Amino acid sequence: MSIDPVTLEILRNKFDMVCQEMQTVLVRSAQSTIIKEALDALNALFDTQGQVISQSISIPCHLGMVIPAVQRILAEFPPDQMHDGDIYTMNDPHDGGTHIPDVFVVIPVIYGGRAIGVAVCIAHQVDMGGKTYGSKAMDATEIFQEGLIIPPIKLYDQGKRNDTLFKILERNSRIPQMVLNDIQAQIAGCTIGKRRLVDLCERYGVETVLQAKDDLMAHSELMTRQVIEKMPGGTYSAVGYVDSDGVELDKPVKIQLAVTIRGSEMIVDFAGTSPQTKGPINSTYGSTVSAVYYTLRSVTDPTIPNNAGCFRPIAIRTSKGTVVDPVPPSPVNARMPTVCMVGDVMLEAMAQAIPHKVAAVSSSTCGPGFGGVDPLTGKRFMFMDFVAGGVGARPMKDGIDSRDSGAGNCHTLSAEVIEMNYPIRVNQFGLWEDSCGAGRYQGGLGTIKAYEVTRGELTLIHQTERQFQGPPGLLDGEPGSKQETIITRRSGQIEAVPSVAVRSLREGDRLVVKAPGGGGAGNPRDRDRQAVLEDIADGRVSAAFARDKYGTASG
């Protein structure tokens, strides 16, 4: 069956807009700030073979994270056994999931008596039990400490609610009503996706819609292969180190990979990477794949439709029992430092092949979380914040300031949202002077965010990275600043917080989190003198920094 180019382009954009509408419904229906404010969620359409048709624009690392979960659900509930009114869920990290807070909701799209696809949502639930608020035990040594594990299971069976499962969810969360409300928001988003896909089938015909998704995947594959073919062939290697695993704090964790470009294909091999760790920075295979996928997308053509075809030219090789492909019961809840490092290391490897088409490394994850009981209301609370760092400089342009980049694309919470909802005051929130990586093109500035506990006692869940080495530069550019987090107790005692840690904070305690700036690109001495003077005038860099890095500090 042949589809004319105009209809194909219309359906391509229809698929994209369906996913964006799903995302909008989810965000506007959710209760937790991590979904409705930080946007830690993604919506997508899949076919019945487990291939991505389209997805919402949200978190880059979700590109690959959804795929294993959907394929696992399709294996457990074959499409020919799906019915209208069925809804499926899961979160098991070692069986297709990512980490326990990431809950998947999948709704089959039934048309003409058969399943033609599924509408999917992954969203970070605020608390799924475990030993620490937010199911984020930074010192966990096995997954059973991290919260409730849900295998692939039906939430609804032909419209009938699984009350037993909902009771289990309610009893295993510290903030049950918020979790249940957010799951309903996920269902709402997927329901819209289901309806819109049915509408497309009724308007254009089901065979045309199914053929269009196949044609678009083939088109994306072809375009991706064409980009890879233009890259110089060969093998390019890079190594990076995650600060620690949260348990063995003095032991960096090695991420090593080799990218082989051969014709229109790419192979990414993780030989040499550290074994899985005692602590929770282990990255499940799906999480690791996601970092490779989003890095590939960042160096190919941005006009290529985001679907399964983009990933067909790439093969990923891992070894079971490593930090990038762990086996149960390894803990995984703090896997984001590893996911970010995989993306950073792959970017460094790709820079050897196409140095003028990639950016310097950006800041890594920097996400403090807070949980406790507010003495004013007597209610439990939990929220995650994202302190945005700087984006690495481009080969011909400065990096972007204060942007959650790389694997994440979450929004930092405003001071107003935090202070209205939680017993915390935000004392400072702004750009971190001199945090950029120096270069002909300067890395983006990182952010300083300062919190103060206004009442009661709470738990700090600290998950950051790059305390020992700032984001590397490109083409002789210098690295960005290192990450810093300091607690100043009410007594005046000062404490430095490791990258991955859990701490208690009390009324009057202050926390300052500094997210790194991005790496620079090009020799700093080649930076335009007028640009340096403007940076000084704008307060982006100090005169001392300019004098040291650029050799000028005044007119």
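Residues numbered from 1 in each chain as written. Predicted model: local features only at pLDDT ≥ 70, side-chain atom pairs only at ≥ 80, totals over all residues. Heavy atoms only, no water.

Novice: Tell me about the overall build of the protein, and please be specific about residues and values.
Specialist: A count of helices and strands for the protein gives 11 helices and 20 strands. Taking 24 Å as the expected radius of gyration for a compact globule of 555 residues, we find that the protein reaches 23 Å, a close match to that expectation. Along the first, second and third principal axes, the C-alpha atoms of the protein reach 70 × 60 × 40 Å. By residue count, 61% of the 555 residues in the protein fall in the buried class. A separation of at least 24 residues holds for 72% of the contacts in the protein among residues at least 6 apart in sequence. In the structure as shown, the protein presents an accessible area of about 20900 Å², 48% of it carried by carbon and sulfur atoms. (Helix = DSSP H or I, 4+ residues; strand = E, 2+ residues; numbered from the N terminus. Rg over C-alpha atoms; globule rule 2.2 N^0.38 Å. Buried < 20%, exposed > 50% of the residue type's maximum accessible area, 1.4 Å probe, protein only. Contact = heavy atoms within 4.5 Å. Areas by Shrake-Rupley, 256 points an atom, 1.4 Å probe, with all protein chains shown as cover.)

Novice: Tell me what's going on with unusual backbone geometry, and back it up with residues and numbers.
Specialist: Cis rather than trans, the peptide bond between Pro-328 and Pro-329 has omega equal to 5°. Relative to the helices and strands, Pro-329 is located in the loop between strand E11 (314-317) and helix H8 (336-353). Unlike most non-glycine residues, Asp-434 shows phi in positive territory, near 70°. Looking at where Asp-434 falls in the secondary structure, it is placed in the loop between strand E14 (424-431) and strand E15 (447-453). Although it is not a glycine, Leu-475 adopts a positive phi angle of roughly 55°. By relative accessible area, which is 34% here, Leu-475 ends up partly exposed.

Novice: Let's hear about the packing of helix H4 (residues 163-171) against helix H5 (residues 176-204): which residues, and what values?
Specialist: When two helices pack together, their arrangement is given by the angle between the helix axes and by the axis-to-axis distance. Two numbers describe how H4 lies on H5: the axes approach to 8 Å, and their chain directions differ by 135°. Taken together, the axes of H4 and H5 are oblique relative to one another. Touching Phe-166, Leu-169 and Glu-170 of H4 are Pro-176, Leu-180, Ile-183 and Gln-184, all from H5. Its residues placed into classes, the contact of H4 with H5 shows five nonpolar, one polar and one charged. (Axes fitted to C-alpha atoms, helices over the stretch in contact; angles between N-to-C directions. Parallel < 35°, antiparallel > 145°, perpendicular 65-115°, else oblique. Nonpolar A, V, L, I, M, F, W, Y, C, P; charged D, E, K, R; others polar.)

Novice: Can you explain helix H3 (residues 62-76)? Please cite residues and give values.
Specialist: Across its 15 residues, H3 extends 22 Å between first and last C-alpha, which sits within 8% of the 21 Å expected from 1.5 Å per residue. Three or more residues of H3 are buried, namely His-62, Leu-63, Gly-64, Met-65, Val-66, Ile-67, Ala-69, Val-70, Ile-73 and Leu-74. (Expected span 1.5 Å × (residues − 1).)

Novice: So what's going on with the environment of Ser-283? Residues and values would help.
Specialist: Among the structural elements, Ser-283 can be located in the loop between strand E10 (265-269) and helix H7 (285-298). Considered as a pair, Ser-283 and Ala-140 are 143 residues apart in the sequence and their alpha carbons are 14 Å apart. Not counting the four nearest positions on each side in its chain, Ser-283 is found in contact with Thr-288, Val-323, Val-324, Asp-325, Pro-326, Arg-335, Thr-338 and Val-339. Separated by 2.9 Å, the side chains of Ser-283 and Thr-288 make a polar contact. (Polar contact = N/O pair within 3.5 Å; in protein donor to acceptor, adjacent residues only side chain to side chain.)

Novice: Mind laying out the sheet that holds strand E7 (residues 160-161), listing which residues take part and the relevant values?
Specialist: Within the open sheet, the seven strands sit side by side as E2-E1-E5-E4-E3-E6-E7. Their pairing is antiparallel. Whereas interior strands pair on both sides, the edge strands pair on one side only; in this sheet they are strand E2 (52-55) and E7. The pairing of strand E6 (residues 153-157) with E7 spans two bridges and is antiparallel. Bridging from a neighbouring strand, Tyr-156 pairs with Arg-161 of E7. Most of the contacts of helix H1 (residues 5-29) go to strand E1 (residues 41-46), to which it runs at about 145°, and overall it touches E1, E2 and strand E5 (114-124). Packing of helix H6 (residues 206-229) onto the sheet brings it into contact with E2, strand E4 (102-111) and E5, and relative to E5 it is tilted by some 55°. (Pairing = 2+ DSSP bridges.)

Novice: Outline the pairing of strand E3 (residues 87-90), supporting the account with residue identities and numerical values.
Specialist: On E3, burial covers both faces: Ile-87 and Thr-89 on one face and Tyr-88 and Met-90 on the other are all buried. In this structure, E3 lies alongside E6, joined through three bridges in antiparallel fashion. Its bridge partner lying in E6, Tyr-88 is registered against Lys-154.

Novice: Talk me through the side chain of His-99; I want residue IDs and the actual numbers.
Specialist: Along the chain, His-99 turns up in the loop between E3 and E4. Look at His-99 and you get buried, because its relative accessible area is 1%. A polar atom in the side chain of His-99 sits 3.0 Å from the backbone oxygen of Asn-333. A distance of 3.4 Å separates a polar atom in the side chain of His-99 from a polar atom in the side chain of Arg-335. Those residues within four positions of His-99 in sequence are excluded, and the remaining contacts are Asn-91, Pro-93, His-124, Lys-136, Val-332, Asn-333 and Arg-335.

Novice: Could you give an account of the pattern of salt bridges, with specific residues and numbers?
Specialist: Applying the stated criterion across every chain yields a total of 36 salt bridges. Salt bridges sharing common partners tie together Asp-398, Asp-401, Arg-527, Asp-535 and Arg-540. (Salt bridge = Lys/Arg side-chain N within 4 Å of Asp/Glu carboxyl O.)

Novice: Which residues make up the domain arrangement of the protein, and what are the values?
Specialist: In terms of domains, the protein is made up of domain 1 (5-222) and domain 2 (359-555). One C-alpha centre belongs to domain 1, the other to domain 2, and the line joining them spans 32 Å. At the interface, 18 residues of domain 1 touch 25 residues of domain 2. Summing both sides of the interface, domain 1 and domain 2 together bury roughly 1900 Å²; the carbon and sulfur share of this comes to 69%. Looking only at domain 1, the three residues that lose the most surface to domain 2 are Thr-33, Tyr-133 and Met-138, adding up to 36% of its buried area. Summed over the shared surface of domain 1 and domain 2, the number is zero salt bridges. Our count for the domain 1 to domain 2 interface comes out at four residue pairs in polar contact (both at pLDDT 80 or more). A breakdown of the residues in the side of domain 1 that touches domain 2 according to their chemical character gives 10 nonpolar, four polar and four charged. (Domains from an automatic or database assignment. Buried area = accessible area lost by both parts, 1.4 Å probe.)

Novice: So what's going on with the packing of aromatic side chains? Residues and values would help.
Specialist: Going through the model one piece at a time under the given rule, you end up with eight aromatic pairs. Between Tyr-156 and Phe-166, the ring centres sit 6.1 Å apart and the planes meet at 75°, which makes this aromatic pair edge-to-face. Of the two residues, Tyr-156 is situated in strand E6 and Phe-166 in helix H4; the sequence distance between them amounts to 10 residues. On the numbers, 4.0 Å between centres and 10° between planes, the contact of Tyr-293 with Phe-311 is stacked. In this pair, Tyr-293 is assigned in helix H7 and Phe-311 in the loop between H7 and E11, connecting sequence segments 18 residues apart. Among the aromatic residues, those joined into a ring-pair cluster are Phe-370, Phe-381, Phe-383, Tyr-422 and Tyr-451. A cation sits over an aromatic face here: Arg-174 above Tyr-133, 5.1 Å from the ring centre. Directly above the ring of Tyr-550 sits Arg-527, whose terminal nitrogen or CZ lies 5.9 Å from the centroid. (Phe/Tyr/Trp six-rings, centres within 6.5 Å; stacked < 30°, edge-to-face > 60°. Lys NZ or Arg CZ within 6 Å of the ring centre and 35° of its normal.)

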